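# Architecture and fold: a report
Spelled out from the first residue to the last, the chains are:
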Amino acid sequence: MKKEILIVYYSHSGNTQKVAKLIQQETGGVLCEIQPEIAYPASYNAVVEQAKKEIQAGYRPEIKNTVPDLEPYDTIFVGSPNWWSTVAPPIATFLSKNNLSGKTIIPFCTHGGGGLGHIQQDINRLCPQSRVLDCFALYGDGGTGAKSKIAAWLRKIDI
Ligand SMILES: Cc1cc2nc3c(=O)[nH]c(=O)nc-3n(C[C@H](O)[C@H](O)[C@H](O)COP(=O)(O)O)c2cc1C
């Protein structure tokens, strides 16, 4: 039986969303956009400052109720932009408030040159009962090579 795949992501400026959609096209999984109850400011400087404060304080913003019942999904891709070397707070909220025990979590991130930062360790810590695969990282939206890089990564991890 084909495993059910869910692709959960947060994206502020569209890069992570683009990657999530490419994963969706390759896997046929179900997309789920995480949205904070209160949207982050659009201005780059304002969001950078707000994110810094939230991450330093370990703040977990409320998120909208867009997440389906997770029971049918064995495999959950979880995508975030790299914000201050970690996941965006709405993704930390998703990971901490849902029961992900026994599930395979496949993290992916987009970044502005800092790569993964400590996203891998942070996700491992937020999902102690899950099997967490190695995080896949792309610079920006991955450019024109994104689709083939994503396809190669999915083949490598046997999805
Ligand atoms: C609040 C904030 C913090 C960021 N911190 C980092 C960082 O620490 N390292 C990095 O490489 N890029 C950082 N970036 C750049 C983003 O990770 C990058 O632009 C990403 O692709 C944005 O994804 P999105 O379009 O899905 O929101 C930051 C961007 C923002 C808005």
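Residues numbered from 1 in each chain as written. Predicted model: local features only at pLDDT ≥ 70, side-chain atom pairs only at ≥ 80, totals over all residues.

### With respect to the overall build of the protein
Counted only if it meets this: Each helix is a run of H or I in the DSSP string that is no shorter than four residues. Each strand is a run of E no shorter than two, and both are numbered from the N terminus. Throughout, radius of gyration means the C-alpha value; the globule benchmark is 2.2 Å times the number of residues raised to the power 0.38. Burial is judged by counting the other C-beta atoms within 10 Å of a residue's own C-beta: 20 or more makes it buried, 12 or fewer makes it exposed, and any count in between marks it as partly exposed, with every C-beta position built from the backbone. Placing C-beta atoms from the backbone, we regard two residues as in contact once those atoms come within 7 Å.
Of the regular secondary structure elements, the protein holds 5 helices and 7 strands. Shown N-terminal to C-terminal, the secondary structure of the protein runs as helices and strands in the order β-α-β-α-β-β-α-β-α-β-β-α. By the compact-globule yardstick of 15 Å for 159 residues, the protein fits well, its C-alpha radius of gyration being 15 Å. Considering only C-alpha atoms, the protein reaches an extent of 45 × 35 × 25 Å along its principal axes. Counting over 159 residues, the protein shows a buried share of 34%. The contacts in the protein between residues at least 6 apart in sequence include a share of 79% that link residues at least 24 apart.

### Observations regarding the pairing of strand β3 (residues 73-83)
Stated formally: Two strands pair under a simple rule: DSSP has to find at least two bridges between them.
Of all 11 residues making up β3, 9 are buried, and the element is well covered by its neighbours. Here 6 bridges tie strand β1 (residues 4-9) to β3, and the two strands are oriented parallel to one another. Among the inter-strand pairings, Leu-6 is bridged to a residue of β3, identified as Ile-76. Taken together, the 7 bridges between β3 and strand β5 (residues 104-111) define a ladder with parallel strand orientation.

### Observations regarding the site of the ligand
The condition that has to hold: Using a C-beta atom placed from the backbone for every residue, we mark a residue as near a molecule or strand if that atom lies within 6 Å of it.
As a structural note, the neighbourhood of the ligand is formed by 22 residues, with Ser-11, Thr-16, Pro-81, Gly-112 and Gly-114 the closest of them. For the shell around the ligand, the secondary structure elements donating two or more residues are α1 (15-27), α2 (44-57), β3 and β5.

### Quick notes on the pairing of strand β7 (residues 136-139)
Here β7 shows a buried face lined by Phe-136 and Leu-138 and an unburied face lined by Ala-137 and Tyr-139. Bridge count for β5 against β7 is 4 bridges, and the pairing is parallel. Among the inter-strand pairings, His-111 is bridged to a residue of β7, identified as Tyr-139.

### Some remarks on unusual backbone geometry
In this structure, Trp-84 is a non-glycine residue whose phi angle is positive, near 50°. Within the fold, Trp-84 resides in the loop between β3 and β4 (86-87). Judged by C-beta crowding, with 16 C-beta atoms within 10 Å, Trp-84 ranks as partly exposed.

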